[in-house]
Amino acid sequence: MKRILVVGGGGQIGTELVPHLQKIYGYDNVIAADVKPDVVKRLSLTSTAVRLDALDADSYAEIVKKYKIDSIYNLVALLSATGEKNPRLAWKINMGALLNTLNIAGETGCAVFTPSSIGAFGANTPHNKTPQDTIMRPNTMYGVCKVSGELLGDYYNSRFGVDTRSVRFPGIISNGAMPGGGTTDYAVEVFYKAVKEGRYTCEVPADAYMDMIYMPDALKATTQLMEADPLRLIHRNSFNIASMSFTPEQLFRKIKERIPDFSYDYSIDPVKAQIAYSWPDCLDDSCARSEWDWKPVWGMDEMVDDMLKACRRKFANGEF
Ligand code: SER
């Protein structure tokens, strides 16, 4: 049985990954860690939760030892749009947490999962059916961190034998915790606004295609890759995974089909526009499919129906 630490456990992914891991590996074998005391308090209602600043290497190592951890999911991240507001802080947090994770894993034999992202690609990457191995020259600090993280993951694997694995997540659409500071966040926010106010103003250009994935598929990808037979893995850091790809306009029309009174407009944020256009339109995920049998389940229509159902339920319960 595994002993798992989810670092950054209170964010968009962690909030849903922790219960997903509990279901697979048992409640007592999953420890959620977060830097914010109020988030730790929330996490402790449904899991063993500890406060951890992932930049504090000594406390991090102590927790790994205390809970006899053998697998670390490092989800600490400052996302693309926020990263552009404070690039130095983005580097410090994203790389600091990852380096501590890898060093501790090297000393203790832990396996490591760290997300990479579509943000690892840049304007001169082929945008259509973006290959697994291709040009990676991102022009955001978030992307620079993701490419560096991929290289570090492979380095710690080949140099120190750390079992590092990673996927390049598309924008993740979910209804647990909100994302924050990302370019793809619009595809989550719009559902909440459509249900509550019937209208939405989008900061991303109407025609900017980006890969997206619904949370259940993102969770499935994570645990499936971590369980994959290492002998089949040609790649490790990091796999393209694809599920759906659409523009804001295409998403908003789907919502309007279901809520005829829904209205929307655009007030473009130039930073988000530049980022969105620099990222791929759709990824080629054939390596993930052949090396560990990746296959998404959720399509766009089912995702839109499910998001609206979840947001309506949350709104009726007074949750937002
Ligand atoms: N969702 C992230 C962002 O928009 C991309 O990985 O920054």
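Everything here concerns the structure above.
Pairing is parallel in the open sheet, where three strands are placed in the order S6-S9-S13. At either margin of the open sheet sits one strand with a lone partner, and together these are strand S6 (116-117) and strand S13 (239-240). In this structure, S6 lies alongside strand S9 (residues 167-169), joined through two bridges in parallel fashion. Each residue of the ladder has a partner; that of serine 117, found in S9, is phenylalanine 169.

With that settled, the discussion passes to the environment of tyrosine 192. Of note, tyrosine 192 is situated in helix H7 (residues 186-196). A C-alpha to C-alpha distance of 38 Å links tyrosine 192 and cysteine 110, two positions 82 residues apart in sequence.

Next up on the list: the sheet that holds strand S8 (residues 164-165). Read across the open sheet, the six strands follow the order S3-S2-S1-S4-S5-S8; overall the sheet is parallel. Of all strands in the sheet, those bounded by a partner on one side alone are strand S3 (48-51) and S8. Where strand S2 (residues 30-34) lies against S3, four bridges are found, and the strand directions are parallel. Across the sheet, the residue bridging to isoleucine 31 is threonine 48, located in S3. Across the sheet, helix H5 (residues 87-108) lies against strand S4 (71-74), strand S5 (111-113) and S8, angled at about 175° from S4, the strand it touches most.

Moving on, we come to the site of the ligand. Within the structure, the ligand sits among Leu79, Ser80, Ser117, Tyr142, Gly182, Thr183, Thr184 and Trp279. Contacts to the ligand include serine 80, whose side-chain N or O atom sits 2.6 Å from an oxygen atom. Tyrosine 142 has a polar side-chain atom sitting 2.9 Å from an oxygen atom of the ligand. The fraction of the free accessible surface of the ligand (230 Å²) that becomes covered by protein chains is 92%.

In this section: the packing of aromatic side chains. Any pair of aromatic rings gets described here by the distance separating the centres and the angle formed by the planes. By the definition in use, this model includes 17 aromatic pairs. Both rings, one in tyrosine 73 and one in phenylalanine 113, keep their centres 5.7 Å apart while their planes meet at 40°; by these two values the pair is tilted. One end of the pair, tyrosine 73, is in strand S4; the other, phenylalanine 113, is in strand S5, with 40 residues separating them in the sequence. For tyrosine 73, a relative accessible area of 0% translates into the label buried. Overall, the relative accessible area of 0% leaves phenylalanine 113 in the buried class. With a centroid separation of 4.8 Å and an interplanar angle of 70°, the aromatic rings of tyrosine 214 and tryptophan 298 are classed as edge-to-face. Within this pair, whereas tyrosine 214 is found in strand S12 (residues 210-214), its partner tryptophan 298 is found in the loop between helix H11 (286-292) and helix H12 (300-316), the two being separated by 84 residues in sequence.

Parameters at a glance
- Residues numbered from 1 in each chain as written.
- Predicted model: local features only at pLDDT ≥ 70, side-chain atom pairs only at ≥ 80, totals over all residues.
- Heavy atoms only, no water.
- Pairing = 2+ DSSP bridges.
- Helix = DSSP H or I, 4+ residues; strand = E, 2+ residues; numbered from the N terminus.
- Contact = heavy atoms within 4.5 Å.
- Axes fitted to C-alpha atoms, helices over the stretch in contact; angles between N-to-C directions.
- Near = heavy atom within 4 Å.
- Polar contact = N/O pair within 3.5 Å; in protein donor to acceptor, adjacent residues only side chain to side chain.
- Areas by Shrake-Rupley, 256 points an atom, 1.4 Å probe, with all protein chains shown as cover.
- Phe/Tyr/Trp six-rings, centres within 6.5 Å; stacked < 30°, edge-to-face > 60°.
- Buried < 20%, exposed > 50% of the residue type's maximum accessible area, 1.4 Å probe, protein only.

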